[in-house]
Amino acid sequence: MIATAADYQKAREELRDLEARLHRLEQSHPAGEKGFTKAGVRKMIARLHEELAIYEGSEEAKQPQAK
């Protein structure tokens, strides 16, 4: 779970790394090959997106609304 701005930045870096890894897997192994590996990476990416969204939502709630 992302609780601080440092955790948020670390999660964003991890997300970029996972997206790059998935891209490399897709290039080196066409559809049908290494399916479980690609699926696992996609699940990790989805989890990070969810955690980032929760953190971003909580940060928006903390900010006073500008008028």
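For the structure itself, look to the data block above.
Parameters and conventions
- Residues numbered from 1 in each chain as written.
- Predicted model: local features only at pLDDT ≥ 70, side-chain atom pairs only at ≥ 80, totals over all residues.
- Heavy atoms only, no water.
- Salt bridge = Lys/Arg side-chain N within 4 Å of Asp/Glu carboxyl O.
- Helix = DSSP H or I, 4+ residues; strand = E, 2+ residues; numbered from the N terminus.
- Buried < 20%, exposed > 50% of the residue type's maximum accessible area, 1.4 Å probe, protein only.
- Core = buried A, V, L, I, M, F, W, Y, C linked by side-chain atoms within 4.5 Å.
- Contact = heavy atoms within 4.5 Å.

A. Structural view of the pattern of salt bridges. Applying the stated rule across the entire model yields 4 salt bridges. In this structure, the salt-bridge partner of E14 is R47, at a minimum N-O distance of 3.8 Å. Of this pair, E14 sits in helix α1 (residues 5–28) while R47 sits in helix α2 (residues 35–62); the two residues are 33 residues apart in sequence, bridging distant segments of the chain. Judged by relative accessible area, which is 34%, E14 ranks as partly exposed. Salt-bridge contacts for R47 lead to E51; the nearest nitrogen and oxygen are separated by 3.1 Å. Here E51 and R47 lie together in helix α2, a separation of 4 residues that amounts to about one turn. Judged by relative accessible area, R47 falls into the partly exposed class, the value being 36%. Using a relative accessible area of 21% as the deciding quantity, one classes E51 as partly exposed.

B. Geometry of the nonpolar core. Counting residues in each nonpolar core, the largest one holds 12 residues, listed as I2, Y8, A11, L15, L18, L22, L25, V41, I45, L48, L52 and Y55. The set of elements that each furnish at least two residues to this core consists of α1 and α2. Among the elements that line this core, the one with the most residues is α1, at 6 residues. Beyond its immediate sequence surroundings of up to four residues, Y55 is in contact with I2, A3, T4, A5 and Y8.

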